[in-house]
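Structure at a glance
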Amino acid sequence: MSIQYILEIIGTFAFAISGALAVKDQKHQDWFGASFTAFISSIGGGTLRDILIDSYPLVWISDITIIYAIMAGILVTFIFYKFLLKLRKTLFLFDTFGIALFTIVGTEKALHLGIRPEIAVIMGVFTATMGGVIRDMMTNEIPIIYRKEVYATACFAGACSYLLLDKIGAGRNVAFITASLVIIAIRILAVKFGWSVPRFFR
Amino acid sequence: MSIQYILEIIGTFAFAISGALAVKDQKHQDWFGASFTAFISSIGGGTLRDILIDSYPLVWISDITIIYAIMAGILVTFIFYKFLLKLRKTLFLFDTFGIALFTIVGTEKALHLGIRPEIAVIMGVFTATMGGVIRDMMTNEIPIIYRKEVYATACFAGACSYLLLDKIGAGRNVAFITASLVIIAIRILAVKFGWSVPRFFR
Amino acid sequence: MSIQYILEIIGTFAFAISGALAVKDQKHQDWFGASFTAFISSIGGGTLRDILIDSYPLVWISDITIIYAIMAGILVTFIFYKFLLKLRKTLFLFDTFGIALFTIVGTEKALHLGIRPEIAVIMGVFTATMGGVIRDMMTNEIPIIYRKEVYATACFAGACSYLLLDKIGAGRNVAFITASLVIIAIRILAVKFGWSVPRFFR
C-alpha cells in the first residue's frame, strides 16, 4: 500500500507538470491559468470517477498531500520549464507512467466498491484520461482521446489485462504490474511505430 | 414498466447510433473516439440528471444492459453506417423518439424523488439534451441546443404538458403518451416548416 | 442570515443577467439558448462546488427562489438589454459584486462542512468562477479565467483574506465584508490600471 501511495503522489506530480506545460502554446498563460490547468489535469479523471461511483469524500479533498504534489509540480514547471521542454521524451514517459498507474488504480477502486468488471474498466480509462479531456475542453483543444495514437485504447487494454489476470488468480501485485506494463508497452510502441486505432468509418 | 424499460433500451440504442454518426465529419474518427462519443451521447444526459438529484447508483452502472445496448448501437453503426446515412429521415425519427422518451422518463424520475415540478421539467430537458451537449463540447462543436430548430424547447413543452396532464388527473399512461407525442409533433413540424425559437435579442 | 440570503438572490439575479448578455455576440441567440446560458452561468459554480463536497440537495433544487431570480434576470435582460449594454460599467460592478459574494459564501460553506482551509479556498474560487467557465466551454469561448485581467486571482486573494481574518479572530461579519471588499477592490483596480497576473512562461 505504501509503495502504491508514493506512486500515486508521483503520478499526480507528473500529471501536474504535463498539465501546466499543456498551456505553453496558449496565448494567455498567466500563473492562475497554468495552475488551474495543472490542477484540472491532475485530479479531473479521478474526480469524475468518484462522482460517477458516488465515492466521497473526493481523494484530493480528504488528503491534502495531493494538493501539495500538484503545487510542487506547478513550481517545478515554472522553474525548469525550458529544461523540461527539452526533455520531451522524459515527459512522455512520465505521462505514460501516469496513465498506466491511474488506469489500474481506477479499475481497482471501482472493483473494490463492488462495481461490475465492465464498468470498472470504463472507470479505469476515465481515471487516466478524463483529466486531459476536461483540460482540452476548457482550452478549446480537440480532446486528447480524439487525437493521440493509441492513448485511451492502451488504457483500455491494460484494464482488461488486469481483469483477466485477476480472474485467473495471478495475484494482485502480478496483475497490477503486468497490466501497467501492458499500457506502457502499447503506448511506447504506438508512438515509436506510429500505430493508430483502426478508423471507424472506412 | 416492462414496455417502458424496453423503450428505454431502444432509446439508448438509438442515441448510441446518432452519437457514433455524429463524429462522421470529424477528422479523427477511430474506433475508440466513435465508441466514446456514442457512450457519452447515450448516457450523458441521464448521468448529469442523476448526479444533480443525487440518485445513485447511476443507471448504467447498476444495469449492464445499458452498456450492451450502447455497444450494439456502435456495432450496428460500424457495419451499416453507409446505409444509415442514407436513412437520414429514419435517424431523425429515432433521435426524435429518443428525446421524447428521455424527456418524460427524466421528468418522472425527478417527480418520483419528490422534486418540485419546475425542477423536474429542467431534469427532463437535461436528460434528453445534455448528452448531446457534452458530446458537442468535447468535439468543439456549437452545442446542439444552440443550433437546432426547436430542439430543447420541444422537450420543455413536452415536460410541461406532462405536468399539466398529471395535475388534471389524466392518468400516468395518458400523460406519458400525450406528452411524448407533443414533443415528437413539435419537432417534426419544426423541421418540416423551418420553425425556430424567437430571437432573444431583436 | 437574512441579509446574506437577500444578497445571494441579488447575486444570482446579477449573474443571470451577465450570463444572458454573454450570448449577445453569438449567432444563435434564441430564447432557449439565452435562458439556458443564463441558468448555467448563475448556478454552475455553486452546483460544481456542491457536487465536489457532496452537499445535497443542491441549493437551486431545494430553494425555488433561485430559479425565479434567474427567470427574473432573463426577463429583465430581454426587456432592457439595449439599456443594459449601455450600462457596461454598472454590469461590471454587478459581476464584481457577484464574484465577491459567491467566493466568500462558497468558502464559508466548505468550512462549515469541515473541509480544510486550503480546499475551502478552491471551493470559494470555483463557486464564483466555474459558472462562467462552463458557459464559455459550451459557447466555444476561451474560458473567462484564461482571459480576464486578475479575475479568479482576485477571488483567490479574497478567500485567503477571509481565512486569515477568521484565524486571527476578526469575527465572521468583519471577515465577510473585508474579504468581499478585497475582491471588489482588486478587480476594480485591475481593470482600471490594466493589471494582469504575471506570466507563467517568461
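All of these numbers come straight from a predicted model, not from anything done at the bench.

Before going further, it helps to spend a moment on helix α9 (residues 172–193) of chain B. Residue and element names in this part refer to chain B. For α9, which comprises 22 residues, the first-to-last C-alpha distance of 31 Å matches the rise-based estimate of 32 Å (1.5 Å per residue) to within 8%. Listed as buried for α9 are Ala 175, Phe 176, Ala 179, Ser 180, Ile 183, Arg 187 and Ala 190. The buried residues of α9 all sit within an arc of 125° when viewed along its axis, so they share a single face. Away from the buried face of α9 by more than 90 degrees, exposed residues Asn 173, Ile 177, Lys 192 and Phe 193 are located. Along its buried surface, α9 packs onto α1 (2–22), α5 (88–112) and α8 (152–167).

Quick look at the environment of B:Thr77 now. Topologically, B:Thr77 is positioned in helix α4 (residues 65–86). What makes B:Thr77 buried here is its relative accessible area of 0%. Note: C-alpha distance between B:Thr77 and B:Leu163 (86 residues apart in sequence) is 36 Å. Ignoring sequence-local partners within four residues, the contact set of B:Thr77 consists of A:Phe200, B:Ile17, B:Ala20, B:Leu21 and B:Leu84.

Turning to the interface of chain A and chain B, a few remarks are in order. On the side of chain B, 34 residues touch chain A, which itself brings 30 residues to the contact. Counting each side, the surface lost to burial between chain A and chain B is near 3,000 Å², with a carbon and sulfur contribution of 70%. If you sort the residues of chain A by the area they bury against chain B, A:Tyr146, A:Phe200 and A:Phe201 come out on top, with a joint share of 31%. Joining chain A to chain B, the criterion identifies zero salt bridges. Counting across the chain A and chain B interface gives three residue pairs in polar contact (both at pLDDT 80 or more). At the level of elements, α2 (31–52), α6 (117–138), α7 (144–147) and α8 (152–167) of chain A are the ones that each hand at least two residues to the side of chain A that touches chain B.

On to the interface of chain C and chain A, then. Interfaces are frequently sized by the accessible area removed from exposure as the parts join. Listed per partner, the contact involves 29 residues of chain C and 34 residues of chain A. Roughly 3,000 Å² of surface becomes buried between chain C and chain A when both sides are summed, with 70% attributable to carbon and sulfur atoms. Per-residue buried area on chain C facing chain A is highest for C:Tyr146, C:Phe200 and C:Phe201; these three make up 30% of the total on that side. Secondary-structure elements contributing two or more residues to the side of chain C that touches chain A are α2 (31–52), α6 (117–138), α7 (144–147) and α8 (152–167) of chain C. Among the elements that line the side of chain C that touches chain A, the one with the most residues is α6(C), at nine residues. Taken together, the residues of the side of chain C that touches chain A break down into 21 nonpolar, two polar and six charged.

Now for the relation of the copies chain A and chain B. Aligned on chain B, chain A shows an RMSD of 0.0 Å; the corresponding rotation is 120° and the shift along the axis is 0.0 Å. Accordingly, the operation relating the two chain copies is best matched by a three-fold axis. Each copy contacts the other with its own distinct surface, as only 13% of the interface residues of chain A are interface residues in chain B too.

A few words on the environment of C:Ala179. All names here are of chain C. Its location among the elements puts Ala 179 in helix α9 (residues 172–193). Distance from Ala 179 to Leu 163, taken between C-alpha atoms, is 8.9 Å for residues 16 residues apart in sequence. When neighbours within four sequence positions are excluded, Ala 179 is seen to be in contact with Ile 104, Gly 158, Ser 161, Tyr 162 and Leu 165.

A word on the packing of aromatic side chains. In the structure shown here, the tally under the stated rule is 31 aromatic pairs over all chains. An angle of 75° between the planes, with centres 5.0 Å apart, marks the rings of A:Phe200 and B:Trp31 as edge-to-face. Residue A:Phe200 is found in the segment after α9 (172–193), and its partner B:Trp31 is found in helix α2 (residues 31–52); the two belong to separate chains.

About the thresholds
- Starting afresh in each chain, residues are numbered from 1 along the sequence in its written order.
- Chains carry letters and ligands carry numbers; both start at the beginning, A for chains and 1 for ligands, and go up in the order they are written.
- Local features in this predicted model are restricted to residues of pLDDT 70 or higher, and side-chain atom pairs are both shown and tallied only at a pLDDT of 80 or more, whereas totals for entire chains, interfaces and linings draw on every residue.
- Side-chain calculation: all heavy atoms of the structure are included, whereas hydrogens and water are not.
- Put simply, DSSP marks the helices as runs of H or I at least four residues long and the strands as runs of E at least two long, and each gets a number from the N terminus on.
- Given a helix with a known number of residues, its expected span is that number minus one, times 1.5 Å.
- The buried label goes to any residue with under 20% of its type's maximum accessible area, the exposed label to any with over 50%, and the partly exposed label to all in between, with areas taken from a 1.4 Å probe on protein chains only.
- This arc is built from the directions going out from the helix axis to the C-beta atoms.
- Throughout, a contact is declared for two residues whenever any of their heavy atoms are within 4.5 Å.
- Using a 1.4 Å probe, buried area is obtained as the accessible area two parts lose upon being combined, added over both of them.
- In the sections that follow, a salt bridge refers to a side-chain nitrogen of Lys or Arg positioned within 4 Å of a carboxyl oxygen of Asp or Glu.
- Pairing of N or O atoms within 3.5 Å defines a polar contact, subject to two protein rules: one partner must be a possible hydrogen donor and the other a possible acceptor, and residues neighboring in sequence count only if both atoms are side-chain atoms.
- For this scheme, ten residues count as nonpolar: Ala, Val, Leu, Ile, Met, Phe, Trp, Tyr, Cys and Pro. Four count as charged, namely Asp, Glu, Lys and Arg, and the remainder, Gly too, count as polar.
- To line up the copies, we fit them by least squares on C-alpha atoms, keeping just the residues with pLDDT of at least 70 in both.
- For this analysis, a ring pair means two rings from Phe, Tyr or Trp (six-membered ring only for Trp) whose centres lie within 6.5 Å, classed as stacked if their planes differ by under 30 degrees, edge-to-face if by over 60, and tilted for the remaining angles.

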